[in-house]
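Report on the structure
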Amino acid sequence: MPSTPTSAPDVLISEVGPRDGLQSVKATMPTAHKCQWITALHAAGLREIEVASFVPAQLLPQMADAAEVVRHALTLPGLTVMALVPNLRGAQAALAAGVHKLTIPVSASAAHSLANVRKTREAMVEEVRNIVALRDAQAPHTQVEAGISTAFGCTLQGLVPEEDVLWLAAQCARAGVGEVGLSDTTGYANPSQVRRLFRRLRAEIGNKTGAAHMHNTRGLGLANCLAAFDEGVRTFDASQGGLGGCPYAPGASGNVVTEDLVFMLEAMGVSTGVDIAKLIAAREALKAGLPGEPLYGMTPDAGLPKGFSQGARHA
Ligand code: ZN
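First, a word on scope: everything that follows refers to the structure included in this document. Source: prediction; values computed, not measured. (Residues numbered from 1 in each chain as written. Predicted model: local features only at pLDDT ≥ 70, side-chain atom pairs only at ≥ 80, totals over all residues. Heavy atoms only, no water.)

1. Re the overall build of the chain
The secondary structure content of the chain amounts to 13 helices and eight strands. Against the globule reference of 20 Å for 315 residues, the chain gives a C-alpha radius of gyration of 18 Å, in line with a compact fold. Buried residues in the chain amount to 56% of all 315 residues. A separation of at least 24 residues holds for 74% of the contacts in the chain among residues at least 6 apart in sequence. Total accessible area computed for the chain in this model is approximately 12600 Å², and 55% of it derives from carbon and sulfur atoms. Looking at the chain, you have 26 positive and 28 negative side-chain charges, and the mean spots of the two groups are 1 Å apart. (Helix = DSSP H or I, 4+ residues; strand = E, 2+ residues; numbered from the N terminus. Rg over C-alpha atoms; globule rule 2.2 N^0.38 Å. Buried < 20%, exposed > 50% of the residue type's maximum accessible area, 1.4 Å probe, protein only. Contact = heavy atoms within 4.5 Å. Areas by Shrake-Rupley, 256 points an atom, 1.4 Å probe, with all protein chains shown as cover. Lys, Arg positive; Asp, Glu negative; His and termini not counted. Charge placed at Lys NZ, Arg CZ, Asp CG, Glu CD.)

Here you go:
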């Protein structure tokens, strides 16, 4: 049994597969399949899904149907519908589509910032300020978060100084976003670093400390999530089947696998609100929409341990 509906889950799993995952695979999932997959994820208990990114279709044809996918996601009860927006124009389109939450990627690495959004970090902070002003004017109930990408290292630049990350996070918080998370875009992070940087982030911006967005490039995704959890992080981005990457971070591979993350947390007695069996079943919708695409995940491959029960901790 998943956690009782009366008690809020201990953590929020934010599913980013329909955005982070689908924008990094070559094939384009047909719109109807995207909608079926998102419905299946919602049915498994996920209550925040990053369903699309609002970017020019010539840059990312996989996301050309963003508004249509948002329209479908908005019909799912209790779901926070989130979209990634790299700039003001994207934010205008996302707000017009009616999303509940915008997430803005802000690169801590100067080199990645220029490659990913063709802006310096300072110009990107200015863009964040403009997006917040637009939100205030047009849709004051829409949440805005910033994700500091390449926070733990960059494939282009290498080392990213922690001072740069903290400075940028403080700038974004001051610009008016509700939360600032840290993203290991390149899969460089290790648990000690995650612990230290989230602790310093909390000291810098307090309760605006947001999600941990970890990639599993070197197999440390879960260890890094656990390190963030130990530092009080309660929102975790993850991707079904470990889909994901970044077109401008060469060699970056998938996100932490939602199925494995939910299993780890539930096995520890941390409620996620997600039903693992239904979550694993949702992979069928993903497979149907992306035939032949490799999916990852140890828990779906191995199955749940004998006698494992999500409700056992309540006994
Ligand atoms: Zn990512």
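2. A few points about helix 6 (residues 121-138)
Relative to the 26 Å expected for 18 residues at 1.5 Å per residue, helix 6 spans 26 Å between its end C-alpha atoms, a close match to the ideal helical length. Within helix 6, the full set of buried residues consists of Arg121, Met124, Val125, Glu127, Val128, Ile131, Val132, Leu134 and Arg135. Against helix 4 (88-97), strand 4 (101-107), helix 5 (110-117), strand 5 (143-149) and helix 7 (162-174) lie the buried residues of helix 6. (Expected span 1.5 Å × (residues − 1).)

3. Some words on the sheet that holds strand 1 (residues 12-15)
Two pairing modes exist for strands in a sheet, parallel and antiparallel, and in both the strands are linked by backbone hydrogen bonds. Spatial strand order, 1-2-3-4-5-6-7-8: eight strands in a closed barrel with parallel pairing. Recorded for the sheet is a direction-independent mean angle of 25° between the axes of neighbouring strands. Pairing of strand 2 (residues 48-53) with strand 3 (residues 80-84), which is carried by five bridges, proceeds in the parallel orientation. The partner of Ala52 across the bridge, within strand 3, is Ala83. (Pairing = 2+ DSSP bridges. Axes fitted to C-alpha atoms, helices over the stretch in contact; angles between N-to-C directions.)

4. Quick notes on the packing of aromatic side chains
Applying the stated criterion across every chain, the model contains one aromatic pair. Aromatic pair Phe263 and Phe308: ring centres 5.2 Å apart, planes at 55°, arrangement tilted. Note that Phe263 is positioned in helix 10 (residues 258-267) and Phe308 in the segment after helix 13 (298-302), a separation of 45 residues in sequence. Phe263 sits in the partly exposed class, given a relative accessible area of 21%. Of the residues examined, Phe308 reaches a relative accessible area of 23% and is grouped as partly exposed. Geometry around Phe229 places Arg234 over its ring, the cationic atom sitting 3.9 Å from the centre. (Phe/Tyr/Trp six-rings, centres within 6.5 Å; stacked < 30°, edge-to-face > 60°. Lys NZ or Arg CZ within 6 Å of the ring centre and 35° of its normal.)

5. Comments concerning the nonpolar core
One recurring pattern in soluble globular proteins: nonpolar side chains tend to sit buried together. Core analysis: the largest hydrophobic core is formed by 91 residues, its most contacted members being Ile148, Phe198 and Phe236. In this structure Phe236 touches Val11, Leu12, Ile13, Ser14, Ala212, Cys225, Ala228, Phe229 and Leu261, once residues within four positions along its chain are discounted. (Core = buried A, V, L, I, M, F, W, Y, C linked by side-chain atoms within 4.5 Å.)

6. Brief notes about the side chain of Glu127
Here Glu127 shows up in helix 6. Within the buried set, Glu127 has no salt-bridge partner at all; the shortest N-O distance to an opposite charge, 4.3 Å, is to Lys119. There is a polar contact of 2.7 Å between the side chain of Glu127 and the backbone nitrogen of Leu88. When neighbours within four sequence positions are excluded, Glu127 is seen to be in contact with Asn87, Leu88 and Lys119. (Salt bridge = Lys/Arg side-chain N within 4 Å of Asp/Glu carboxyl O. Polar contact = N/O pair within 3.5 Å; in protein donor to acceptor, adjacent residues only side chain to side chain.)

7. Looking at the side chain of Ser149
Relative to the helices and strands, Ser149 is located in strand 5. Taking relative accessible area as the criterion, Ser149 reaches 6% and is therefore assigned buried. Among the polar contacts made by the side chain of Ser149, one reaches the side chain of Ser107 at a distance of 3.3 Å. Setting aside residues up to four positions removed in sequence, Ser149 forms contacts with Pro105, Val106, Ser107, Ala108, Ser109, His112, Ser183 and Thr185.

8. Some details on the pairing of strand 3
Both faces of the sheet carry side chains from a regular strand, because those side chains alternate between them. Burial analysis of strand 3 places four of its five residues in the buried class, which makes it a mostly covered element. Each parallel crossover has a hand, and for strand 2 linked through helix 3 (residues 66-73) to strand 3 it is right-handed. Bridge count between strand 3 and strand 4: three bridges; the pairing is parallel. Bridge pairing in strand 4 places Met82 opposite Lys101. Read from strand 3 through helix 4 to strand 4, the crossover connection turns out right-handed. (Right-handed = clockwise from strand over helix to strand, strands pointing away.)

9. Some words on the pattern of salt bridges
This structure, assessed with the given rule, holds 16 salt bridges. Among the salt bridges present, the one from Glu284 reaches Lys287, with a minimum N-O distance of 3.4 Å. With Glu284 and Lys287 both in helix 12 (residues 283-289) and three residues apart, the pair spans about one turn of that helix. Sharing partners across several salt bridges, the network here consists of Glu48, Lys101, Glu145 and Glu179.

10. Description of the pairing of strand 5
Within strand 5, six of the seven residues are buried, leaving the element largely enclosed by the surrounding structure. The pairing of strand 5 with strand 6 (residues 179-184) spans four bridges and is classified as parallel. In the strand pairing of strand 6, Ile148 is matched with Leu182. This β-α-β element, strand 5 to helix 7 to strand 6, shows right-handed connectivity.

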